[in-house]
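Given next are the chains, with one letter for each unit.
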Amino acid sequence: MSKVIKLKKGLDIKLVGEADKSVVELPIGERYAVSPLAFEGVVPKLLVAEGDKVMAGDALFYDKAHPEVMFTSPVSGTISAVRRGEKRKLLAIEVAADVEQTYKPFNTNLATASREEVVAALLESGLWAMIIQRPYGIIADSNDTPKAIFVSGFDSAPLAADMNIALEGDMKAVQAGFDALRKLCGKVHLGLRAGQKSLLEGVEGVEKHYFAGAHPAGNVGVQIHHIDPVNKGEKVWTVAIQNVAIIGRLFTENRVNMTKTWAVVGSQVAHPMYVRGLVGSSVADVIMPARIKPQSGGATFRIIEGNVLSGVKVSANDYVGCYSSQVSVIPEGGELELIGWLAPRLNKFSVSRTYFSWLMPKKKYDLRTGLNGGVRPFVVTGLYEKYLPMDIYPMYLFKAIMAGDIEKMENLGIYEIIEEDVALCEFVDPSKQELQALVRDGINLMIKEM
Amino acid sequence: MKQKNTTPLPKRLLDKFAPTFSEGGKLSWLHSFYEAMETFFYVPTDVTKKGSHVRDCNDMKRTMFMVIIALIPTILFGMWNIGFQRIDGADFTIWQNFWYGFWQMLPSILVTYVVGLSIECAFAQIRKEEVNEGFFVSGILIPLIIPIGTPLWMTGLATAFAVVVGKEIFGGTGMNIFNPALLARLFIFFSYTSSISGEAVWFSDARTGATPLGELANTGTTNVSMLDAFIGTIPGSIGETSTLCILLGAIVLLATGTASWRTMISVFVGGLVMGGVLNLLAPADLTGATEVQKYMALPAWQHLLLGGFAFGAVFMATDPVTSAQTNCGKLIVGFMIGALAILVRVFNTGYPEGMMLAIIFMNALAPVVDHYVVQANVSRRNRRAKKTINA
């Protein structure tokens, strides 16, 4: 076993509603959808119309700026609706699924294929969108050759899916996926959790790195920083581990099979468990087997695609995308709290020792969505850096972004982070600022100006 | 049967007056004040919209309130000591001395809060922001560090200066360069030197005598026992005399993580080192030595017990906004504050209290120190980039 990279900074927030090990396979549902909004920076150009028949793997739309990047249907069926919002903004393309699924055939022999053939297969199949470029956290440019490709083999976020369960029985596809990635770039890094048995130990042809420490140790950005950081002018690619399997299936099954596993978790889930289904399933379908607890007395809940730190708020009518591997359901906040800032708040969590969470390290919390205070300018110092295990001064970076100072942002590390990396900074911030949105603003400014 | 109203009283009152203070209401110009009251009683019911859906339950109110809690021993002791330092103070009971001091101090606390919070509310109203909690701390620090007998109008003026010039013109809490409470003292110190100068200003009543620092500045020695200086039964401004009570506050601040141990400890280290260096430089034989030479020979540890050193180290230097913001910067700035304070004390006898000047000076330099610390990070990043290009 190679050297363990120990991360001292970070935080594991223990929440109630952890998934038990059971996995439920979803049958083919009624309706699936792909939303262009799930893809950062993509301006969609529609390729289908309502009533069209599609096979699984047929393109639905492409990116105007990169016409070669297709976005494809996860199922075969009929386009039942093209949902649009204000100014005709494309929100989602819905497909009513056939009972008997048909798949668009792909025939690329991975063993003999050239890099170009692999790229072409990924672009056509819509799986290219699963390859994310760092800096910026946007879909990779197929004309680039990255310095390396990074895959995190574990998720350290609150209530995250255990990849050993998510990937069980799928290791052939995972290996094929890594083989495909190696065609794209010779150097593929795989981050694993030190001291934990992982199915991914068996993966061949990749450089394995072991990480010890609290969240965000599982964030690929943090792993990149400690393995081979992104410098100005450099690009690396990242792929979520479950998407490596989906890419692998393109070559082992010769079709687009976007099956993945979500951990359905959180205090408001009756039976937190794993659910296996297709990307594009409705949130309601994914939650169905686990069920949401009955709410009493006007209480409401929030469904989050992803984890509670950096996921996206969704409704039951929305559809799960290809980047998430969990769905969290937690109670909404907003309750009246008399002089709460003075109260002991034993059921709330804080990293501050002005509360008592530090005396109860084992306690699992049922956190609500309340902001727990008013928005203020930066006052407290030295706090944010404790939760970002990188050699970066987060507050200086945040201030550079606020000032729109490109050069400073560049110098202070904007190329190395995306939203999820500062999620803990945002969580602990006593000034209650939206730091993840701020980082995205900064990144968008960089994309515009560079 | 009459249905019982389950809404708690403060909420009912707030709801009742909400229209009066809202836009279009009679008192809409006091909206920021209403909002401050509202958030004082009830945590804002806002929920997260995006990003981190759950949040830590710590907020600025809690953070600032911890500083007030840490100040309580110092405040209570200071009030008692006002009474005790009267010329016949020793003849009274603890309670009598305390009440005497309480009534002496209360007006200046009220004046600082009324003046300071009014200005804060006005600026919050103009900027359409919420009132920041920062002044809750500044407002109690000011009466603790200005001379006891300061006329109330002077206290009010100094507070207004500190809030407007020290804070609001820079953009409010979080943006200021200088510690607002210290600016208030600085304002009095430099603007009304003649009316409050001399060592007698630290006394409330007829008692004359010198503060230990005043004595040291004039004669190079003091008769105050170090035990008295530690416990605090010596003349001085209200907050600064009792090193013991300040240490109790320091424990609260450090245990709760509210103040930076890096800053606090390094101020003390800086003071000890500079005191020690001066000890080494002082002539061995003090007969016929000048005042300054005698002052140089004062054992380094005694410096930490005298004057505003401990109070400044624990409550002033650690202000997160005006101190250094990087961990490394905190060590440097803290050390410099401690060292400079002793240097000013010993060599510039015109300013017996070096702590105030040292902190204000290092407030101004802290961004420079931080700049170089951050620049080192930038250089590391650039070197790393070069290395990969060359590789």
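Residues numbered from 1 in each chain as written. Chains lettered and ligands numbered in written order. Predicted model: local features only at pLDDT ≥ 70, side-chain atom pairs only at ≥ 80, totals over all residues.

Glancing now at the environment of Ala217(A). Residues and elements named next belong to chain A. Within the secondary structure layout, Ala 217 lies in the loop between strand 14 (207-212) and helix 4 (220-227). C-beta crowding within 10 Å serves as the criterion here: with 25 such atoms nearby, Ala 217 is assigned to the buried category. As for Ala 217 and Ile 138, which are separated by 79 residues in sequence, their C-alpha atoms are 21 Å apart. In contact with Ala 217, not counting residues within four places along its chain, are Leu 7, Gly 10, Ser 156, Phe 211 and Val 222. (Helix = DSSP H or I, 4+ residues; strand = E, 2+ residues; numbered from the N terminus. Buried ≥ 20, exposed ≤ 12 C-beta atoms within 10 Å, placed from the backbone. Contact = placed C-beta atoms within 7 Å.)

Below, the discussion takes up the sheet that holds strand 20 (residues 326-331) of chain A. Residue and element names in this part refer to chain A. Taken in spatial order, the six strands line up as 2-17-16-20-18-19 in an open sheet, and their pairing is mixed. The open sheet has two edge strands, strand 2 (23-25) and strand 19 (312-314), and neither has a second partner. Averaged over all neighbouring strand pairs, the angle between strand axes comes to 30°, with direction disregarded. In terms of strand pairing, strand 18 (residues 301-305) meets strand 19 through three bridges, oriented antiparallel. Each residue of the ladder has a partner; that of Ile 303, found in strand 19, is Val 314. (Pairing = 2+ DSSP bridges. Axes fitted to C-alpha atoms, helices over the stretch in contact; angles between N-to-C directions.)

Our next topic: the sheet that holds strand 9 (residues 90-97) of chain A. Residue and element names in this part refer to chain A. Strand order across the open sheet formed by four strands is 3-9-8-5, with antiparallel pairing between neighbours. Whereas interior strands pair on both sides, the edge strands pair on one side only; in this sheet they are strand 3 (31-34) and strand 5 (53-54). One ladder, built from two bridges, connects strand 5 with strand 8 (residues 77-84); its direction is antiparallel. By the bridge assignment for strand 8, Val 54 is matched with Gly 77.

Each side of the interface is counted separately: chain B has 52 residues, and chain A has 61 residues. At the level of secondary structure, the elements contributing two or more residues to the side of chain B that touches chain A comprise helix 1 (9-21), helix 2 (31-41), helix 3 (60-84) and helix 17 (354-390) of chain B. Among the elements that take part in the side of chain B that touches chain A, helix 17 of chain B stands out by supplying eight residues, more than any other. Per-class residue counts for the side of chain B that touches chain A are 19 nonpolar, 21 polar and twelve charged. (Nonpolar A, V, L, I, M, F, W, Y, C, P; charged D, E, K, R; others polar.)

All names here are of chain A. Entries for chain A in the domain assignment read domain 1 (4-27 + 105-252) and domain 2 (383-449). Relative to domain 2, the C-alpha centre of domain 1 lies at a distance of 24 Å. Between domain 1 and domain 2, the contact holds 17 residues from the first and 16 residues from the second. Each residue belonging to the side of domain 1 that touches domain 2 can be placed in one class, and the counts come to eight nonpolar, seven polar and two charged. (Domains from an automatic or database assignment.)

Glancing now at the domain arrangement of chain B. All names here are of chain B. Domain boundaries in chain B define domain 1 (17-43 + 59-209) and domain 2 (261-391). Here domain 1 and domain 2 have C-alpha centroids that lie 27 Å from each other. Opposite the eleven residues of domain 1 that make contact, domain 2 presents eleven residues. Taken together, the elements giving at least two residues each to the side of domain 1 that touches domain 2 come down to helix 5 (134-145) and helix 7 (180-191).

All right, on to the packing of helix 3 of chain B against helix 4 (residues 94-127) of chain B then. All names here are of chain B. As a packed pair, helix 3 and helix 4 sit with axes 6 Å apart at the nearest point and diverge in direction by 105°. Considering their axes alone, helix 3 and helix 4 lie roughly perpendicular with respect to each other. Two secondary-structure elements touch here, helix 3 through Met 79, Trp 80, Asn 81, Ile 82, Gly 83 and Phe 84 and helix 4 through Ile 94, Gln 96, Asn 97, Phe 98, Tyr 100, Gly 101, Phe 102, Gln 104 and Met 105. Residue classes in the contact of helix 3 with helix 4 are distributed as nine nonpolar, six polar and no charged. (Parallel < 35°, antiparallel > 145°, perpendicular 65-115°, else oblique.)

With that settled, the discussion passes to helix 1 of chain B. Between its terminal C-alpha atoms helix 1 of chain B stretches 18 Å, which fits the 18 Å expected from 13 residues at 1.5 Å a residue. Considering bend angle alone, the principal kink of helix 1 of chain B is centred on Asp15(B) and spans about 25°; proline Pro19(B) follows within four residues of it. (Expected span 1.5 Å × (residues − 1). Bend = angle between axes of the 7 residues up to and from the residue.)

A few words on unusual backbone geometry. Residue and element names in this part refer to chain A. Cis geometry marks the peptide bond from Arg 134 to Pro 135; its omega dihedral reads 10°. Following His 215, the chain continues to Pro 216 via a peptide bond in cis, the omega torsion being 10°. In this structure, Pro 216 sits in the loop between strand 14 and helix 4. Backbone geometry places Tyr 136, a non-glycine residue, at a positive phi of 90°. Classification of Tyr 136 as buried rests on a count of 20 C-beta atoms within 10 Å. One non-glycine residue, Ile 339, lies in the positive phi region at around 40°. With respect to the element layout, Ile 339 can be found in the loop between strand 20 and helix 7 (394-403). Since 12 C-beta atoms lie within 10 Å of it, Ile 339 is described here as exposed.

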